[in-house]
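Notes for the structure review
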Amino acid sequence: MQYHFLLLFLIIVIVIETEGSSSTEYFVPASEISGLEYIFNSTGGVSWSWKNNDTQTKWSFPPATSPCEEQDTWQGLKCACIPNTTNYFCQITNIDLSGYSLVGSIPHQISLLSNMISLTLSNNRLVGTNIQFGCMLPLLYSFEIGNSGLTGTIPACYYQTSNLVTLNLNGNYLGGSIPPELGELLHLTSLSFGHNRIGGTIPTMLCQLDDLSLLDMSVNLLSGSVPACLGLIPSLKFISINYNHLTGTLSPNLFLSDSLESIYVGVNSLDGSLPANVWQLDNLWVLDVANNSFTGTLPRVFPRTLQILWMNNNALKGSIPTALGDATGLVQLKLEGNSFTSSIPAALGLLPKLMYFDVSGNNLVGEVPTSFGHATALSYFYFSHNALSGPGTSLPSFVSASVSDLDMSFNNFVGVFPFNTTGKNLKNLYVRGNRLSGTIPDANLAILETVIKLDLSVNSFSGTVPSALSMVCVNISGLRHCVIDNTYYSYSVPLCFVTCINQLLLYCRLQTLRCYCWLKTGFMAV
């Protein structure tokens, strides 16, 4: 309770209207003014990137005005002021210099600002700064210094700042290991030190942080197993430990908290089956288990709250459940690189918010359901490297007008080049490695007005290169690559392309203002 009363006292700024306000003074202790000056001089204050703010002034020394002047507070500062007749006695409580282009290091004299409760120094260049200075500010409840080029290690002394609620050290170059003493910061709600070089194991003392709602340890060098007791943190909503070197299986105890909303454990070396209770989390939005070695099959019930499901590049098998269609909020579904069999459920094409769908690199068979032709939110549609089949002429029925990227390469589609009624928004189209045949009519190519990359290679097309290809590949703005019948086309200007197309070009590019063409009949320069 003492902590809460102290915090409330510090963050409330008392403002009293008085007559003759022009003579009102806002006194700040000389020691705090000195602390500000040390920060200013140690981090290149004369070159800071000041904000365009008419109500706040730039720092200057000696001060022309009080840093806590009610109508003209210094940029990045907040103060707590107590009235004394017509004047105020003020203390600096908050500093936020995020993105001010600080360069240098934070001096230890920052400890002179002993009443500070919030310090934000993110997005600067504080290379070489020893962040132990945070331990010198005992009243801090928020400390954020992410993306600032910090080196060294996380100081164990942070436990001394026992009021800390937020600690953000993301995006630096910190090494060493995680101090177990962080588990003594019992008021923490947000702990972030992702995108660093921190190794070692995850200390179990973190499990006693009952108020913690966000834990980000992603993109580090952590090893060992994931402590099951993390699932006993009752307030935990977001956990990110992806891109590490974690091993072993995931305990069912890790998913006991009903508060969990986002779980990122991808890109590790985890294995075994996913605990069944992960699918029983009623508030789950994001589940990322990609790029591990998980085995087993998918369940038959999914949280309806699920929006992002990344399970790609594991060793999962069995069929893709129709029940996934019950997760009507699903936006991204990544199942590529597994061993799923059977067919693609038609229910997935009915998901109203589905934008990204990838089932490439499995053992799927059958035809692509025509329900995908009505998936109006779908932009990225990938199902290459399977055994899917069907006549080519049926392709437009499962490609909605919203699709920008379509990869159906290396399947068993047959028939003629099919895109005669769709593809108006396509930017990237890959049909490589099927059994399409016949000629490529000019009319079919002319409709692909937005295409940037086109790959029709490793099929059985016959005849000559269509004359319309010059329009699709050159005159339509933006196209960079074309591949037809194992022939790679790249071009820079119409003259180059037109000259080469008549010679059955293999490769064409503009170099040093000359056009070089690699042809089926030999090499030529034009």
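Residues numbered from 1 in each chain as written. Predicted model: local features only at pLDDT ≥ 70, side-chain atom pairs only at ≥ 80, totals over all residues. Heavy atoms only, no water.

Time to look at the overall build of the protein. Counting its regular elements, the protein contains five helices and 35 strands. The proportion of buried residues among the 526 residues of the protein is 51%. Taking all contacts inside the protein whose residues are at least 6 apart in sequence as the whole, residues at least 24 apart take part in 46%. Element-wise, carbon and sulfur atoms account for 53% of the exposed surface of the protein, whose accessible area totals about 22,400 Å². (Helix = DSSP H or I, 4+ residues; strand = E, 2+ residues; numbered from the N terminus. Buried < 20%, exposed > 50% of the residue type's maximum accessible area, 1.4 Å probe, protein only. Contact = heavy atoms within 4.5 Å. Areas by Shrake-Rupley, 256 points an atom, 1.4 Å probe, with all protein chains shown as cover.)

Turning to the state of the cysteines, a few remarks are in order. Covalent bonding between the sulfur atoms of two cysteines defines a disulfide. Here the structure, examined in full by the defined rule, presents four disulfides. Between Cys135 and Cys157 runs a disulfide, and the two sulfur atoms are separated by 1.9 Å. Note on the Cys135 and Cys157 pair: the S-S dihedral is about 75 degrees, so by sign convention the disulfide is right-handed. With Cys135 in the loop between β4 (118–120) and β5 (142–144) and Cys157 in the loop between β5 and β6 (166–168), this pair connects stretches of sequence that are 22 residues apart. Each member of the pair, Cys135 as well as Cys157, is classed as buried. (Disulfide = S-S within 2.5 Å.)

With that settled, consider the sheet that holds strand β8 (residues 199–200). Across the sheet, seven strands lie side by side as β8-β10-β12-β14-β16-β18-β20; this open sheet has parallel pairing. Looking at which strands have only one partner, the edges of the open sheet turn out to be β8 and β20 (339–341). Bridge count between strand β12 (residues 245–248) and strand β14 (residues 269–273): two bridges; the pairing is parallel. Considered in β14, the bridge of Thr247 is made with Ser269. (Pairing = 2+ DSSP bridges.)

All told, the structure shown has 25 aromatic pairs when counted by the stated rule. Ring geometry for Phe383 versus Phe398: centroids 5.7 Å apart, planes at 80 degrees, classification edge-to-face. Here Phe398 lies in the loop between β24 (387–391) and β25 (405–407) and Phe383 lies in the loop between β23 (380–382) and β24, a separation of 15 residues in the sequence. Each member of the pair, Phe383 as well as Phe398, carries the same accessibility label: buried. With 6.3 Å between their ring centres and 70 degrees between their planes, Phe383 and Phe413 make a pair best called edge-to-face. Linking Phe383 in the loop between β23 and β24 with Phe413 in strand β26 (residues 412–415), this pair joins segments that are 30 residues apart in sequence. What links up through ring pairs into an aromatic cluster is the set Phe40, Trp48, Trp50, Trp59, Phe61, Trp74 and Tyr100. Stacked on the ring of Tyr100, the Lys or Arg Lys51 has its end atom at 4.7 Å from the ring centre. (Phe/Tyr/Trp six-rings, centres within 6.5 Å; stacked < 30°, edge-to-face > 60°. Lys NZ or Arg CZ within 6 Å of the ring centre and 35° of its normal.)

Moving on to the pattern of salt bridges. With the rule as written, the count across this model stands at one salt bridge. Glu336 is paired through a salt bridge with Lys334; the nearest N and O atoms lie 2.8 Å apart. You can call Lys334 buried: its relative accessible area is 13%. (Salt bridge = Lys/Arg side-chain N within 4 Å of Asp/Glu carboxyl O.)

Relative to strand β18 (residues 315–319), strand β16 (residues 293–296) runs parallel, the two being bridged by two bridges. Across the sheet, Gly296 pairs through a bridge with Leu316, a residue of β18. Where β18 meets β20, three bridges bridge the pair, whose relative direction is parallel. Pairing of Lys317 across the sheet is with Ser339, part of β20.

Following Phe61, the chain continues to Pro62 via a peptide bond in cis, the omega torsion being -5 degrees. Despite not being glycine, Ser101 has its phi angle at roughly 65 degrees, a positive value. Examined against the element boundaries, Ser101 turns out to sit in the loop between β3 (87–96) and β4.

Across the protein, pLDDT averages 83, with 79% of residues at or above 70. Throughout residues 1–22 the model reports pLDDT below 50, and contacts reaching past four residues in sequence, or to other chains, amount to 27 contacts. Within the model, pLDDT remains below 50 along residues 468–526, and this stretch shows 133 contacts once partners closer than five positions in the same chain are excluded. (pLDDT = per-residue confidence, 0-100.)

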